[in-house]
Amino acid sequence: MPVNEKLMDLGSWRLTLVEETPRTILDSLGYFGHVAFVPGRLEPALYGDQLLTMARYVGVLTGRDVDHIRKTVDGQSMAVWLGDADGKGDVIEAPGLSINATFPNAIRQILGSGTAVVEGTLYSVPGTYRGRHVWQSKRKAIDYICSTMEAEWRVNGDGTLDAGLATDLYDEVPDTVIVRRRPNRFTDGDDLTLHGLRGDMGVATDVDDWTTRLVLLAEGQGDAVVTGVATNPVNPYKDLRGGLVKRTRLVSESTTTPGNAQGRAEYQLSKFTGNRTAMRMTTDDYDVIGAFAVGDWAWVYDPDTGLVDTDNEITFRGERINPVRLRMVGASWPIRRGMTVAYRNKDGAWLDLTPYVDWEGGETTVDVGDMLQGLSNGGTEPVGPRPIPDSTIPGVVTWDLPFESGVYLDSSGTTRARMLVRWELPLNDDGSTILDGDHYEIAYGVSPVTGDEWQTAFAPWGVLQAMVNDLSPGVEYDFRIRAVDTSNNQGAWSVTETALANPDTIPPSTPAAPTVAASLIAIQITHQLGKASGGTFNLELDLDHLEVHVGATSGFTPDETTLRGKVAANAGMMQAEIPAVGTVPEPNTTLRQVKVVAVDQAGNRSDPSAAASVTALLIDDAHISDLTVTKVTAGTISANWLIGASIRTASSGQRVELNTSGLQMYNSGNALLVSLAPTGTFFLRSGTTGARIDLSTVTGLQIYNSGGVRTAWLDVSGSFELRSGSSGARIELDTSGLRAYNSGGTQTVNISASSGDVTIVGQFASGVSGRRIIVNPSGTTDPEIRFVPASGSVADAFRMYCKQGGFGEGFLRMEGVESNFMRSYAQFGQGGVTEIGAIPGDASHDTWKNVMTFGTGLADGGRTRLVGMWHESATERTAMIPGSVAASGSTGLVDYDGFYVPSYAAIMTPKAGNPVGHAVTAQSGDNFTWTVSVALSGSDRINYWVIRTSL
């Protein structure tokens, strides 16, 4: 069948595609992708991974069979991600897992992390699991834990693992009735509360696996094998002689711990205590997903085959029946039209395969009861005697003294020592002959060896000596040995023997002839540390120095009398390819022959090199190693100079210096003025105090005045500062804005760069002559703005100013001269009081004008009222302000609206029942003070006239 589901097993599926399936679709079906079979028709792209939980079945694609006619893909269930039938998959490797935990935590330890299957719902199971798992798939380990603790597991379509008791995972109360197909019976089909499956049944019953006693072989070998024994309490069968039938089953589980042995034995026996009954039903009701899931329990009723249980009675479609309660452990069903089939690739993208499915017919097969299985020994290991382990241990090995030592050159040319050690054939510690010997372990180290400083060499069984290489010449070493057999039984270590490695006796190779140069007093040699046979820097790495010998002929023999000096030469110089250079004294200026002898660290001397001839040259042309020069004449330097120290014009004070840090210049005070570094950074300054200029790659450009105050600064970040002085009248400009100060140091101008605010103290004019606007003109005491026409003067200009008025209010006043010589003005108070007027200013007019106030001032309450009169003629200008106020007491203050300044003359009379003495005692431009001889009260008032005549 195309889809085969099994309880706690891999199962299988196969999908056939139509012949016309496009190649692009087939190429998209990659291995280990997922195929979901979903009831009903829907669009996979809209649901995505929700299909994994909606599907009736999800399988993993592991096979393809595609040719010009047949196109099928197949695979197994999601459980394959835990391990396949061969144990391949996510395997628990060494050192394994030792578990002592509750059931959920034991399953969690097996799952771990980094696997395709993750934790779903883990239910609690009574008891604690103890066991060790190694070299087995996670599916085998989980199956073992579940069977030991009488639990079950399942892998859902979304790759989550549920585990627990069967009643936690599946429906314990059956809601499905399985009956044999019977013509013209009403027991076929669904009931109100039960789903009915009808079809053909096949029932098999046998005692092939029936067992009376089970012995489980757990951990151990030979006589030490741990066993668990379980006995069947029911035995209704007898043998030929009338005795009880004996059927003992052996199950081998070498990984089962002693603590689990008895429980595993009882679990294994529980599968074989009764008759095995299995039923397979074939039904044409293929869509059983709505009725049950594999693992659920079902009612099964077939009187013809004995599937009747009188302890169970249910009513199904009006008929009382006595069915058997059995589990549905497997199902096979076809892929029929009406489903959605979708493929999910490794990147999580979904492909709809529904249009290309070759739909199938057929019936659904349900396996009910015991799982159909053949004879089994209950385990995966062969049953039988296990090998008896080797209990013998090798005895102590005895050394065969003395050891032999020698020296050799390793691949790098370094002299090393070797030691040949021997021993006698050992016996087992019980005196028996060792028949299962495997190898010897030889431990050695520089004497005395402490702690874990031992090194180990191995020798195969059958030899009685071994060569230990790579020892340091002339050094004492400790040696010990032990025997190991094929069962890895290790004997005790032997006594420790100390032996001296042979000292270095190998001389260096003959060196090549040196390159020489001579002066009137010395000879300088240069040697490339190469062998006479050819090459450079290839002498032995234990080289220590070169001896320099000088003779009269090329055939001289170097000895103590010809030795002129020694030149350092070692492995470091050869590895860095640095030639050996040295100077030896030689006062003889005739033709001389120079030879070198190589000497190693052990003092071994090589044969002398070939001779190199040299004649003394002028000292000024020779290669000079040390030279003090007080005078250099003009000439040409024809070679590059590499400066390791510095060149400078003096050691202190004013000087110029050149070194690896760059160029520096100092003044007489030893202060650094110029620094040019090879990294590109520099620093230049004209001095350290007073007026000076600084320029560097760090602080930018800075200018200081004679007082040492910075007046200009341009930073490399873009910031800047400019100022004309440090005190008194000055201007400053920087990134915060523009500021100006007067000679007293008071700030008179401020323009903020951040807010745009402008503050100016003093007169501000839009020009120096002609038409212009002047703010706060010189000589004014109140805030004022004047508008000067093109041909007018400042005195005659239209002006706006603010001053303090009556009732303690400030007011704004505007006045000016028009072309018809009419004097006009307007006055605006804080409370809205406004006065306007026009006064003729020529001599031909003799007029009286009323001066009005209107608005919402404090005194008028929003009314328009007369505040005074204005009279103007050719000879005079007079202003008069009348008024009347309520009064009480002997003195008081009267405020009036002074619409023209300067001050006025005030006249007042009291209005009372009897005349009283009165006087004006004080007066200003806005008010006057009155006094009376008899105190006023009640309805008394003060009538007054304020007159201004001298305009």
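Residues numbered from 1 in each chain as written. Predicted model: local features only at pLDDT ≥ 70, side-chain atom pairs only at ≥ 80, totals over all residues. Heavy atoms only, no water.

Identification of the chain as Fibronectin type III domain-containing protein from Nonomuraea bangladeshensis is taken from an unreviewed UniProt entry.

Turning our attention to the overall build of the chain. Within the chain, the regular secondary structure consists of 8 helices and 67 strands. Buried residues in the chain amount to 39% of all 951 residues. Sequence-distant contacts, at least 24 apart, represent 56% of the contacts inside the chain between residues at least 6 apart. (Helix = DSSP H or I, 4+ residues; strand = E, 2+ residues; numbered from the N terminus. Buried < 20%, exposed > 50% of the residue type's maximum accessible area, 1.4 Å probe, protein only. Contact = heavy atoms within 4.5 Å.)

Spatial ordering of the open sheet is given by 33-34-37, a layout of 3 strands whose pairing is antiparallel. The open sheet has two free edges, formed respectively by strand 33 (515-518) and strand 37 (580-585), since each of these has just one partner strand. Shown here is a sheet whose adjacent strand axes are inclined to one another by a mean of 20°, direction ignored. Alignment of strand 34 (residues 522-527) against strand 37, held across 6 bridges, turns out to be antiparallel. Opposite glutamine 524, over in strand 37, you have threonine 583 as the bridge partner. (Pairing = 2+ DSSP bridges. Axes fitted to C-alpha atoms, helices over the stretch in contact; angles between N-to-C directions.)

Of the two faces of strand 2 (residues 12-16), the one lined by Trp13 and Leu15 is fully buried and the one lined by Ser12, Arg14 and Thr16 carries no buried residue. Inspection of the sheet shows strand 1 (residues 3-6) paired to strand 2 by 2 bridges, in the antiparallel sense. Bridged to valine 3 within strand 2 is tryptophan 13. Taken together, strand 1 and the strand that follows it, strand 2, pair antiparallel across an intervening segment of 5 residues, in which methionine 8 is found at a positive phi of about 50°. Sheet analysis places strand 2 next to strand 5 (residues 71-77), joined by 4 bridges and oriented antiparallel. Considered in strand 5, the bridge of tryptophan 13 is made with glycine 75.

Taken N-terminus to C-terminus, the directions of helix 4 (residues 103-111) and helix 5 (residues 138-148) make an angle of 170°; their axes are 10 Å apart at the nearest point. The angle between the axes of helix 4 and helix 5 places the two elements in the roughly antiparallel class. Along the contact surface, helix 4 presents Phe103, Ala106, Ile107, Ile110 and Leu111, while helix 5 presents Lys138, Ala141, Ile142, Ile145 and Cys146. Here the contact of helix 4 with helix 5 is built from residues that sort into 9 nonpolar, no polar and 1 charged. (Parallel < 35°, antiparallel > 145°, perpendicular 65-115°, else oblique. Nonpolar A, V, L, I, M, F, W, Y, C, P; charged D, E, K, R; others polar.)

In this structure, proline 402 follows leucine 401 across a cis peptide bond, with omega equal to -5°. Assignment of secondary structure puts proline 402 in the loop between strand 25 (364-369) and strand 26 (404-409). Here the amide bond leading from serine 447 into proline 448 is cis, since omega sits at -5°, within 30 degrees of zero. For proline 448, the position within the fold is in the loop between strand 28 (437-446) and strand 29 (455-460). Positive phi, normally seen in glycine, also occurs at methionine 8, with a value near 50°. Here methionine 8 lies in the loop between strand 1 and strand 2. Here methionine 8 falls in the partly exposed class, since its relative accessible area comes to 25%.

The next subject is the environment of threonine 929. In this fold, threonine 929 is placed in strand 66 (residues 927-936). For threonine 929 and leucine 893, which are 36 residues apart along the polypeptide, the C-alpha to C-alpha distance reads 4.5 Å. Ignoring sequence-local partners within four residues, the contact set of threonine 929 consists of Thr891, Gly892, Leu893, Ala919, Val920, Thr921 and Ala922.

A few words on the nonpolar core. Counting 38 residues, the largest nonpolar core has Phe103, Ile107, Ile142, Trp153, Val155 and Leu161 as its most contacted members. At the level of elements, strand 3 (34-38), helix 3 (51-54), strand 4 (57-66), strand 7 (97-102), helix 4, helix 5, strand 11 (152-155) and strand 12 (160-164) are the ones that each hand at least two residues to this core. If we ignore the near neighbours within four places in the chain, the residues touching isoleucine 142 are Leu82, Ile107, Ile110, Leu111, Trp153 and Leu161. If you look at the next biggest cluster of nonpolar residues, it comprises 28 residues, including Trp13, Tyr57, Ala331 and Leu353. (Core = buried A, V, L, I, M, F, W, Y, C linked by side-chain atoms within 4.5 Å.)

This part takes up the environment of serine 98. Here serine 98 lies in strand 7. Given the relative accessible area of 57%, serine 98 is considered exposed. Apart from the residues lying within four places of it in its own chain, the contact partners of serine 98 are Gln109, Gly131 and Arg132.

Scanning the entire structure with this criterion turns up 11 aromatic pairs. Plain terms: the ring middles of phenylalanine 32 and tryptophan 81 are 5.8 Å apart, the flat faces sit at 40° to each other, and that makes the pair tilted. Note that phenylalanine 32 is positioned in the loop between helix 1 (23-28) and strand 3 and tryptophan 81 in the loop between strand 5 and strand 6 (91-92), a separation of 49 residues in sequence. Residues tryptophan 210 and tyrosine 237 carry aromatic rings whose centres are separated by 4.9 Å and whose planes lie at 80° to one another, so their mutual orientation is edge-to-face. With tryptophan 210 in the loop between strand 14 (195-206) and strand 15 (213-217) and tyrosine 237 in the loop between strand 16 (227-231) and strand 17 (248-252), this residue pair connects regions lying 27 residues apart in the sequence. Here tryptophan 210 falls in the buried class, since its relative accessible area comes to 4%. When its relative accessible area of 32% is taken as the criterion, tyrosine 237 is described as partly exposed. Within the aromatic cluster, the residues linked to one another by ring pairs are Trp13, Phe37, Tyr57 and Trp333. (Phe/Tyr/Trp six-rings, centres within 6.5 Å; stacked < 30°, edge-to-face > 60°.)

Let us now look at the sheet that holds strand 39 (residues 612-614). Taking strand neighbours across the sheet as the criterion, the 4 strands line up as 36-35-38-39 in an open arrangement whose pairing is antiparallel. The outermost strands of the open sheet, each flanked by one partner alone, are strand 36 (563-568) and strand 39. Across the sheet, the mean angle from the axis of one strand to that of its neighbour is 30°, orientation sign disregarded. In this sheet, strand 39 lies alongside strand 38 (residues 592-600) in antiparallel orientation, the contact comprising 3 bridges. Counted as the bridge partner of arginine 592 is valine 614 from strand 39.

Looking now at the pattern of salt bridges. Applying the stated criterion across every chain, the model contains 27 salt bridges. The partner of lysine 138 in a salt bridge is aspartate 90, and the shortest N-O contact between them spans 3.2 Å. A residue pair is termed long-range when its members are at least 10 positions apart, and lysine 138 in helix 5 and aspartate 90 in the loop between strand 5 and strand 6 qualify at 48 residues. Lysine 138 sits in the buried class, given a relative accessible area of 7%. Residue aspartate 90 is classed as partly exposed on the basis of its relative accessible area, which comes to 25%. (Salt bridge = Lys/Arg side-chain N within 4 Å of Asp/Glu carboxyl O.)

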